[in-house]
Amino acid sequence: MPIVKALPDVKIPESRISKFYMFILKLIVRPYIISLFGFAKVIVHGENELFGAFKRALSSESRCIAAFRHPNGAEPQLLGWFFLFKLKEYAARKKIRFARNPHTIFIYGYEVARWGGMAARLFMPNIGAIPIHHSKIDSKGMSKIYKTIIDGPWPVALAPEGQVSYTADSVPRLESGSIRIGFQAASQLADKNIRSQESIIPVELLPLSVHFRYGSGGKVSMEKLLIKIEKVCGFFNGNKNLSFSERLRLCRDHILEINEKRYGIKADKSFSFDERFETVINAALATAERMLGVKSEGDFFARLYRVRHVCWDKIFLPGVDSNTLEKMSNTERGVMDLGAGEAWHIARHQELADFGWYFRRPLPAEETALHNKIEYVQNLWDFANRSMGGAFSGRVNIFPKKIIIHTMSVINLSERLADYKNDKKAAINAALMDLEKAYINSINEINSIEQG
């Protein structure tokens, strides 16, 4: 386990697009992308929707919000690289020219600057990315997002799932924030256009998904990872005689039982895995809240975000700079360090609860598609890793053979403004349902193409 010390608050400079950092990014981004995805071939489906949305936005004929799915964790890096350095080239093959070089402004959680280290703190604000708090009102961040959308021309990219969702072939949950932001920006932009007696510029929501497909190398890597899981579970003695699903089940149930013991839960094997694991997930989150002394208020994710925020605030001390820390007495600094270490350990419960909410998935069968098998084995390793105190940084990456970027038809939020002004809740829910349908259609279309 790492030795955790209290650290100064992270100060994120004002977002801007720096030519210097863009130049440095151009030099280093390709090796970085290879480290994440190997030499996977990138294919675009639904290119007419993608190129059209960017062309309109970059010509200031519309404003674009690229609403991307986030199941793997590295979608922002992949899409940021693609939009910056490949989109223009791909569009040119279709004889499409953009009014200016493509760029995208990504919205990211404020905590990324904390766990992402110096690289995230340097590059994110200097390529225009905008931080936002998940767990508290952030009027400054929201105002910056609205202004960026309204002023244009760069598309704004965000993940409606709110965080990594760990499953690509289903949509576990969507947060309404992206729709709320879009409607509010569309409303403000319409008012601005009316005051200046200009034509209404529409705000378009572009549903975008990323799908991984694997070859024989991915299958070999998956087997190696499964063996690694079996070893940490103490089951690497003849397990190859079992079916693929049974090997997974043996490890999954062992890890579940360990967690039930950890939280003092009496196992009832007449219950399904999902039912038993839900009890573990709730116990993990409740344990973190109890140790922090915070109230258990709101829905599951509100509670989760609150715990995460409080833990980070005990490690990166709000309003405290390095000079203040240096002036502390040894006793005072020691107490701060102790609090940071306690927060780190408390966050291990939150990490398990966070991942666990998404892991209630059926075991893959022998005939299950390879990409789903690989995803499950990666998630099974995450289950073991989080149970041992790990976090997302310990996820094992398996290189895909092919990356498919798929876009569906835009959702024009400006056309729905009358509905929004009449009944905001109903309009938001309707747009959110349409976004979910777009993602599900994307999953079905890509699977159909791959199988056909």
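Above this text sits the structure in question.
Not measured: the values here are computed from a predicted model. (Residues numbered from 1 in each chain as written. Predicted model: local features only at pLDDT ≥ 70, side-chain atom pairs only at ≥ 80, totals over all residues. Heavy atoms only, no water.)

(A) Representation of the packing of helix α11 (residues 273–292) against helix α12 (residues 300–315) within the structure. Taken N-terminus to C-terminus, the directions of α11 and α12 make an angle of 40 degrees; their axes are 10 Å apart at the nearest point. In terms of orientation, α11 lies oblique with respect to α12. Relative to α12, the crossing made by α11 is left-handed. Where α11 abuts α12, its residues I281, N282, L285, A286, A288, E289 and L292 lie against F300, R303, L304, V307, V310, C311 and K314. For the contact of α11 with α12, the class distribution of residues is 10 nonpolar, 1 polar and 3 charged. (Axes fitted to C-alpha atoms, helices over the stretch in contact; angles between N-to-C directions. Helix = DSSP H or I, 4+ residues; strand = E, 2+ residues; numbered from the N terminus. Parallel < 35°, antiparallel > 145°, perpendicular 65-115°, else oblique. Left-handed = near helix turned anticlockwise from the far one by under 90°. Contact = heavy atoms within 4.5 Å. Nonpolar A, V, L, I, M, F, W, Y, C, P; charged D, E, K, R; others polar.)

(B) Spatial organisation of empty space enclosed by the protein. Applying the stated criterion to the full structure yields 4 cavities of 30 Å³ or more. Looking at the largest cavity, its volume works out to about 170 Å³. Lining the largest cavity are 15 residues, with N72, A168, F212, Y214 and E375 positioned closest to its centre. Residue assignment for the lining of the largest cavity shows that the elements contributing at least two residues are β7 (203–213) and α15 (370–387). (1 Å grid on protein atoms, 1.4 Å probe; cavity = no way out; pocket = protein on both sides within 12 Å on 5 of 7 lines; lining within 4 Å. Points joined across faces, edges and corners; volume = space filled by probe spheres on them.)

(C) Focus on the pattern of salt bridges. A full pass over the atoms with the stated rule returns 24 salt bridges. One salt bridge connects R69 with E161, and the closest N-O pair in it is separated by 2.6 Å. Placement of R69 in the loop between β3 (63–68) and α3 (75–85) and of E161 in the loop between β6 (156–158) and α8 (177–195) is noted, with a sequence separation of 92 residues between them. The buried category is assigned to E161, whose relative accessible area is 0%. Between R173 and E175 there is a salt bridge, and its shortest N-O distance comes to 3.1 Å. Among the charged side chains, a salt-bridge network with shared partners connects K5, R333 and D337. (Salt bridge = Lys/Arg side-chain N within 4 Å of Asp/Glu carboxyl O. Buried < 20%, exposed > 50% of the residue type's maximum accessible area, 1.4 Å probe, protein only.)

(D) Quick peek at the environment of S221. You can see S221 is positioned in helix α9 (residues 216–233). A sequence separation of 153 residues divides S221 from I374, and the C-alpha atoms of the two residues are 8.7 Å apart.

(E) Spotlight on the layout of surface pockets. Approximately 490 Å³ is the volume attributed to the second largest pocket. Looking at the second largest pocket, it is lined by 20 residues, and the ones nearest its centre are I12, Y110, P131, H133 and K140. Per element, the largest residue contribution to the lining of the second largest pocket is 3 residues, and it comes from helix α7 (residues 139–151). Of the residues that constitute the lining of the second largest pocket, the class distribution is 7 nonpolar, 4 polar and 9 charged.

(F) Just the nonpolar core, in detail. In this structure, L50, F82, F83, L380 and F383 are the most contacted members of the largest nonpolar core, which totals 101 residues. Dropping the residues within four chain positions of it, F383 is found in contact with R252, I255, L256, N259, F273, F277, L352, F355 and F359. Residues I145, I179, V203 and A427 belong to the second largest nonpolar core, which totals 35 residues. (Core = buried A, V, L, I, M, F, W, Y, C linked by side-chain atoms within 4.5 Å.)

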